[in-house]
Amino acid sequence: MKYKCHICGEIFEIPSGEEVICPLCYASGDVIEKLDDEIKELPVGDKSAVYNIGYGLYVITSNDGKKDNGMICNTVVQLTSDPMRVLVSINKANYTHDVVKETRLLNVCPISESAPFSVFERFGFKSGRDTDKFDGCAFLRSENELAVPTENVNSYMSLWVESYQEVGTHGIFICLLTESGKLNNEPTMSYAYYHANVKPKKKPTKKQGFVCKICGWEYEGETLPDDIVCPICKHGAADFEPIK
């Protein structure tokens, strides 16, 4: 249970059944107020609730016939087990979307929890249209001839696109698993872990503008355009917040 001391202002918790004494000033009795933690009305209108959906982080590899490509994706879901089907959602503004739609081949490589931020700089903050993302990156090829990074991922899944559907800003690929393997036993990095432990913390700034909550890109200006699209991660205005 939560309590507030009206002598020193301390808010503290005491297990039910134990004597209630402020741990800071040791006051007790009538100066201690029991706080009501019960939710009596559901909050509404806060779209940030969708950020509580759990996500993993993955390197999606493909090949346009000239060079290997890779991107960071956070939406990969197993749909069925027999046969094994996997759903992958990719922003239509990403080059990987066009390559996978054309070739119908991709590899999904879960990122290990110990992976450094440089993995996200390599595969997430550049476009494969004009960058060789595998330059200097150690990799092997799976049976579908696509690249599999041999560092900072824990496994790989080779997929063949069975069907495709456009859903607003994204393309949904329903895929059949053709090959897979584990590289190590490290846990897969979650989206929440990335933000808490891997993504560099923003330094204090007095700039006026907005920052992308996904990748940290900043837009300077008093107002945020409704149609803005982050040039780094391709997310829209809903994923920006004022620079604090």
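Residues numbered from 1 in each chain as written. Predicted model: local features only at pLDDT ≥ 70, side-chain atom pairs only at ≥ 80, totals over all residues. Heavy atoms only, no water.

Q: Would you take a moment to explain the side chain of Lys133 for this structure?
A: You can see Lys133 is positioned in the loop between helix H2 (117-124) and strand S9 (139-141). Despite its burial, Lys133 pairs with no opposite charge, the nearest such side chain being Asp130 at 8.3 Å. At a separation of 3.0 Å, a polar atom in the side chain of Lys133 contacts the main-chain carbonyl oxygen of Phe123. A distance of 2.8 Å separates the side chain of Lys133 from the backbone oxygen of Lys126, its partner in a polar contact. Lys133 has contacts with Asn69, Gly70, Met71, Arg122, Phe123, Lys126, Ser127 and Gly128, leaving out every residue within four places of it along the chain. (Helix = DSSP H or I, 4+ residues; strand = E, 2+ residues; numbered from the N terminus. Buried < 20%, exposed > 50% of the residue type's maximum accessible area, 1.4 Å probe, protein only. Lys, Arg positive; Asp, Glu negative; His and termini not counted. Salt bridge = Lys/Arg side-chain N within 4 Å of Asp/Glu carboxyl O. Polar contact = N/O pair within 3.5 Å; in protein donor to acceptor, adjacent residues only side chain to side chain. Contact = heavy atoms within 4.5 Å.)

Q: Could you clarify how one ought to interpret the environment of Phe173 in this entry?
A: Take Phe173: it is sitting in strand S12 (residues 170-182). Linking Phe173 and Asp132, residues 41 residues apart in sequence, is a C-alpha distance of 24 Å. Excluding residues that lie within four positions of it along the chain, Phe173 makes contacts with Val86, Leu87, Val88, Ile90, His97, Val100, Lys101, Val161, Ser163 and Tyr164.

Q: So what exactly am I meant to see when it comes to the sheet that holds strand S13 (residues 209-212) here?
A: Backbone-to-backbone hydrogen bonds join strands into a sheet, with any given pair of strands oriented parallel or antiparallel. Read from one edge of the open sheet, three strands run S14-S13-S15, paired in antiparallel fashion. Both edges of this open sheet fall to strand S14 (218-220) and strand S15 (240-242), since each of them pairs with a single strand only. The mean angle between the axes of side-by-side strands here comes to 25°, regardless of whether they run parallel or antiparallel. (Pairing = 2+ DSSP bridges. Axes fitted to C-alpha atoms, helices over the stretch in contact; angles between N-to-C directions.)

Q: What should I look at first to understand the sheet that holds strand S6 (residues 76-81) in this one?
A: On the basis of which strands lie adjacent, the open sheet formed by seven strands has the order S5-S4-S8-S11-S12-S7-S6 and antiparallel pairing. Unpaired on one side and paired on the other, strand S5 (68-73) and S6 mark the two borders of the sheet. Within this sheet the neighbouring strands show an average axis-to-axis angle of 35°, counted without direction. The sheet contact formed by strand S4 (residues 58-63) and S5 spans six bridges and is antiparallel. The residue of S5 that forms the bridge with Thr61 is Gly70.

Q: Would you explain unusual backbone geometry in this entry?
A: Going from Asp82 to Pro83, the amide bond is cis rather than trans, its omega being 0°. Here the phi dihedral of Glu145 falls at roughly 70°; this positive angle occurs in a residue that is not glycine. Note that Glu145 resides in the loop between S9 and strand S10 (147-149). A positive phi angle, near 70°, is found at Asn152, a position not held by glycine. With respect to the element layout, Asn152 can be found in the loop between S10 and strand S11 (155-167). A relative accessible area of 27% means that Asn152 is categorised as partly exposed.

Q: What exactly am I supposed to notice about the pattern of salt bridges here?
A: Between side chains of opposite charge, a pair can form when the charged atoms approach closely. With the rule as written, the count across this model stands at six salt bridges. Lys67 is the partner of Asp64 in a salt bridge, and the nearest nitrogen-oxygen pair spans 4.0 Å. Asp64 sits in the partly exposed class, given a relative accessible area of 26%. Taking relative accessible area as the criterion, Lys67 reaches 24% and is therefore assigned partly exposed. Note that Arg129 is salt-bridged to Asp98, the shortest N-O span being 3.4 Å. Of this pair, Arg129 sits in the loop between H2 and S9 while Asp98 sits in helix H1 (residues 95-103), placing them 31 residues apart in sequence. Residue Arg129 is classed as partly exposed on the basis of its relative accessible area, which comes to 44%. What makes Asp98 partly exposed here is its relative accessible area of 35%. In this structure, a network of salt bridges that share partners links the residues Lys92, Lys101 and Glu166.

Q: Looking at this structure, how should I read helix H3 (residues 191-198)?
A: Three- or four-residue spacings in an α-helix give side chains the same orientation, since the helix completes a turn every 3.6 residues. Every buried residue of H3 is listed here: Tyr191, Tyr194 and Val198. End-on view of H3: buried residues confined to an arc of 85°, all on one side of the axis. The exposed set on the far side of H3, more than 90 degrees from its buried face, consists of Ala192 and Asn197. Residues of H3 that are buried sit in contact with H2. (Arc of directions from axis to C-beta.)

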